[in-house]
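# Per-entry structural report
Each chain, written out:
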Amino acid sequence: MRAVILVGGFGTRLRPLTLSTPKQMLPVNGFTMLERVVAHLGAHGVTEAVLALGYLPEIFREAYPDDTIAGVRLHYAVEPEPLDTGGAICFAARSIGIDDTFIALNGDVITDLNIAGLVRQHRSFGGEGTVHLTPVDDPSRFGVVQIDDDGRVLAFIEKPPAHEAPSNWINAGTYVFEPSVIERVPPGERVSIERTVFPAMVADRTLYAVQEAGYWVDAGTPESYLKVALDLVNGVRSAEQAVASDATVAFDAQVTESIVGAGAIIEPGAVIERSILHPGVRIGEGARVVDSIVGTRARIGARARLTDLTVVGQSVEVGANSTHAGRKLPG
Ligand code: GTP
């Protein structure tokens, strides 16, 4: 089974972390987001994956010189210009000559979805495409999907106002497609899979969906990126080691429900709560980092305070005694 992974977006909501690192190359407790996604695909029978690249493509290539992640063979399809989700999937699929049932997915979705099961259901529906649906409390930021008793999609509604949403089951960003879907997108055209291709498939009655409510997070915002990483160490999803073995934590510093990356240094009296420190970060004496993300090699001065989803970019220096709540540094 082959997969197309969308990893070409600019990741603007995760700036400044994504100014120099594509979203899917950000660390999620020791592994990149992409490595987590590809390992999951590999566990469900995917043997080859083509990365649909646009923004900072060379960073992906350089990171995987042997072109594999977790035994899955990687291919790279670099768009000459952003083709949006549908254009990008079809460009990448064409680049490796996909001519059989394939998986396509957003590369920033962290999920325990049974992908092999989704493929089996797709085959039993006999349609052209099958979409994984997940339930959310507020569907108004997502693509809401209405299905009939046979799993056929009746309506695909992008970002409906809260009171107009026909259900709270949303497009969760993992699809199984027949190769005929590729022909729906003219080569080189900028096309949205959600706004253009899916409505056309609904009209042709060839789109199906499967509701599965297991672990699912779209890690595209500071809040959700923090959540997927911390859920791996706080027992919500697993209980991985949270402090890298070569990090240095002063004996009287406090680290609670947080991730401390490789080579990070936390000086005496510092307090880290529900936060991510990327590799090589230095936290000064008595500094406080709560509900925040500190990018690779950033320096937080003594007694500085970062709270409320403050995001510090790579190599940024935050002054001693400064206070930042809900800020992006640099803004
Ligand atoms: P924001 O700028 O924060 O909205 O993030 P984003 O650019 O990643 O957009 P979004 O999260 O909506 O995109 C969903 C998925 O599609 C992500 O995995 C993106 O990397 C990817 N994506 C979005 N647009 C394109 C595109 O034009 N080309 C490619 N190859 N991938 C894209």
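Residues numbered from 1 in each chain as written. Predicted model: local features only at pLDDT ≥ 70, side-chain atom pairs only at ≥ 80, totals over all residues. Heavy atoms only, no water.

For the rest of this paragraph, the subject is the packing of aromatic side chains. Here the structure, examined in full by the defined rule, presents eight aromatic pairs. Seen in terms of ring centroids, phenylalanine 125 and tyrosine 208 are 4.7 Å apart; in terms of plane orientation they differ by 15°. Their pairing is stacked. Placement of the pair is phenylalanine 125 in helix 4 (residues 115-125) and tyrosine 208 in strand 13 (residues 207-211), with a sequence separation of 83 residues. Seen in terms of ring centroids, phenylalanine 142 and tryptophan 216 are 6.3 Å apart; in terms of plane orientation they differ by 70°. Their pairing is edge-to-face. Of this pair, phenylalanine 142 sits in the loop between strand 9 (129-135) and strand 10 (143-147) while tryptophan 216 is found in strand 14 (residues 216-218), placing the two residues 74 residues apart along the sequence. Exposure remark for phenylalanine 142: the relative accessible area of 14% places this residue in the buried category. Tryptophan 216 sits in the buried class, given a relative accessible area of 15%. Aromatic ring contacts, followed pair by pair, group Phe102, Phe156, Tyr175, Phe177 and Phe198 into a single cluster. (Phe/Tyr/Trp six-rings, centres within 6.5 Å; stacked < 30°, edge-to-face > 60°. Helix = DSSP H or I, 4+ residues; strand = E, 2+ residues; numbered from the N terminus. Buried < 20%, exposed > 50% of the residue type's maximum accessible area, 1.4 Å probe, protein only.)

Our focus in this paragraph is the site of the ligand. Near the ligand lie 20 residues; those nearest to it are Leu6, Thr12, Arg13, Lys23 and Glu79. Between the ligand and leucine 6, the relevant distance is 2.7 Å, taken from an oxygen atom to a main-chain nitrogen or oxygen of the residue. Glycine 11 is positioned such that a nitrogen or oxygen atom in its backbone is 3.2 Å from an oxygen atom of the ligand. When isolated, the ligand has an accessible area of 610 Å², and the protein chains bury 82% of it. Per-element accounting of the shell around the ligand gives the leading share, three residues, to helix 3 (residues 84-95). (Near = heavy atom within 4 Å. Polar contact = N/O pair within 3.5 Å; in protein donor to acceptor, adjacent residues only side chain to side chain. Areas by Shrake-Rupley, 256 points an atom, 1.4 Å probe, with all protein chains shown as cover.)

This paragraph deals with the sheet that holds strand 22 (residues 288-290). In a beta sheet, neighbouring strands are held together by backbone hydrogen bonds and run either parallel or antiparallel to one another. Strand order in this open sheet of five strands is 16-19-22-25-28, and the pairing throughout is parallel. For this open sheet the edge positions go to strand 16 (254-256) and strand 28 (323-325), each flanked by a neighbour on one side alone. Averaged over all adjacent pairs, the angle separating strand axes in this sheet is 0°, with direction ignored. (Pairing = 2+ DSSP bridges. Axes fitted to C-alpha atoms, helices over the stretch in contact; angles between N-to-C directions.)

Turning to its location among the elements, arginine 73 is positioned in strand 6 (residues 72-78). Exposure remark for arginine 73: the relative accessible area of 41% places this residue in the partly exposed category. Through-space distance from the C-alpha of arginine 73 to that of isoleucine 283 is 38 Å; in sequence the pair is 210 residues apart. In contact with arginine 73, other than residues within four places in its own chain, are Thr47, Glu48, Ala49, Asp67 and Thr68. (Contact = heavy atoms within 4.5 Å.)

Per the domain assignment, the segments making up the chain are domain 1 (2-221) and domain 2 (248-329). Residue-level contacts link nine residues of domain 1 with 11 residues of domain 2. Approximately 720 Å² of surface area, both sides summed, lies buried where domain 1 meets domain 2, with 67% of it carried by carbon and sulfur atoms. When the buried area of domain 1 at its contact with domain 2 is split by residue, Pro16, Leu17 and Pro27 rank highest and sum to 60% of it. Here domain 1 is connected to domain 2 by zero salt bridges. Linking domain 1 to domain 2 there are three residue pairs in polar contact (both at pLDDT 80 or more). Looking at the side of domain 1 that touches domain 2, its residues break down into four nonpolar, three polar and two charged. (Domains from an automatic or database assignment. Buried area = accessible area lost by both parts, 1.4 Å probe. Salt bridge = Lys/Arg side-chain N within 4 Å of Asp/Glu carboxyl O. Nonpolar A, V, L, I, M, F, W, Y, C, P; charged D, E, K, R; others polar.)

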